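# Report on the structure
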Amino acid sequence: MGSSPVKAIMWSLLVVGLVGAGMGISELHVHGTVASLIVASVSGLVLLRIRADAHPELPSDRRMAVG
């Protein structure tokens, strides 16, 4: 999932989502703004997941629940 084309697509979606949200806010289009923010948020989360998967040797602050 961490291939270069996937990263490029996710970065493009993030930028398009943020630009779309800015345009939606300036033109007072609620549905377009919300949709753009959802696209930007999801692509940002995918980029964070790709980054985390690329560095498995880094320690995590989360503790695993037992049981």
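Residues numbered from 1 in each chain as written. Predicted model: local features only at pLDDT ≥ 70, side-chain atom pairs only at ≥ 80, totals over all residues. Heavy atoms only, no water.

### Observations concerning unusual backbone geometry
Using the following cut-off: Exposed residues in this analysis have more than 50% of their type's maximum accessible area, buried residues have under 20%, and partly exposed residues fall in between, with area computed by a 1.4 Å probe over protein chains only.
Of note, the phi angle at Leu28 is positive, near 60°, even though the residue is not glycine. Look at Leu28 and you get exposed, because its relative accessible area is 72%.

### Quick word on the side chain of Ser36
Going by this rule: Each helix corresponds to a stretch of at least 4 residues labelled H or I by DSSP, and each strand to a stretch of at least 2 residues labelled E; elements are numbered beginning at the N terminus. By definition in these notes, contact holds between two residues if any of their heavy atoms fall within 4.5 Å.
Looking at where Ser36 falls in the secondary structure, it is placed in helix H2 (residues 30–54). According to the relative accessible area criterion, Ser36 is buried, its value standing at 13%. If sequence neighbours within four positions are ignored, Ser36 has contacts with Gly17, Gly20 and Ala21.

### Details of the environment of Ile9
By the element assignment, Ile9 lies in helix H1 (residues 4–26). For Ile9, a relative accessible area of 49% gives the class partly exposed. C-alpha of Ile9 to C-alpha of Ser43: the two residues are 34 residues apart in sequence and 8.8 Å apart in space.

### Side note on H2
To keep things clear, this is the line we draw: To estimate how far a helix should reach, multiply one less than its number of residues by 1.5 Å.
End to end, H2 covers 36 Å across 25 residues, agreeing with the expected 36 Å (1.5 Å per residue, within 8%). For H2, the full list of buried residues reads Thr33, Ser36, Ala40, Ser43, Gly44, Val46, Leu47 and Ile50. Buried residues along H2 sit in contact with H1.

### Let's talk about the pattern of salt bridges
Formally: What counts as a salt bridge is simple: a side-chain nitrogen of Lys or Arg found within 4 Å of a carboxyl oxygen of Asp or Glu.
Using the criterion set out here, one finds one salt bridge in the structure. Note that Arg49 and Asp53 form a salt bridge whose closest N and O atoms lie 3.4 Å from each other. Taken as a pair, Arg49 and Asp53 lie in helix H2 at a separation of four residues, close to a single helical turn. In this structure Arg49 comes out as exposed when scored by relative accessible area, which is 52%.

### Quick word on the side chain of Thr33
The topology assignment puts Thr33 in helix H2. Not counting residues within four places of it along the chain, the set of residues in contact with Thr33 comprises Ala21, Gly24 and Ile25.

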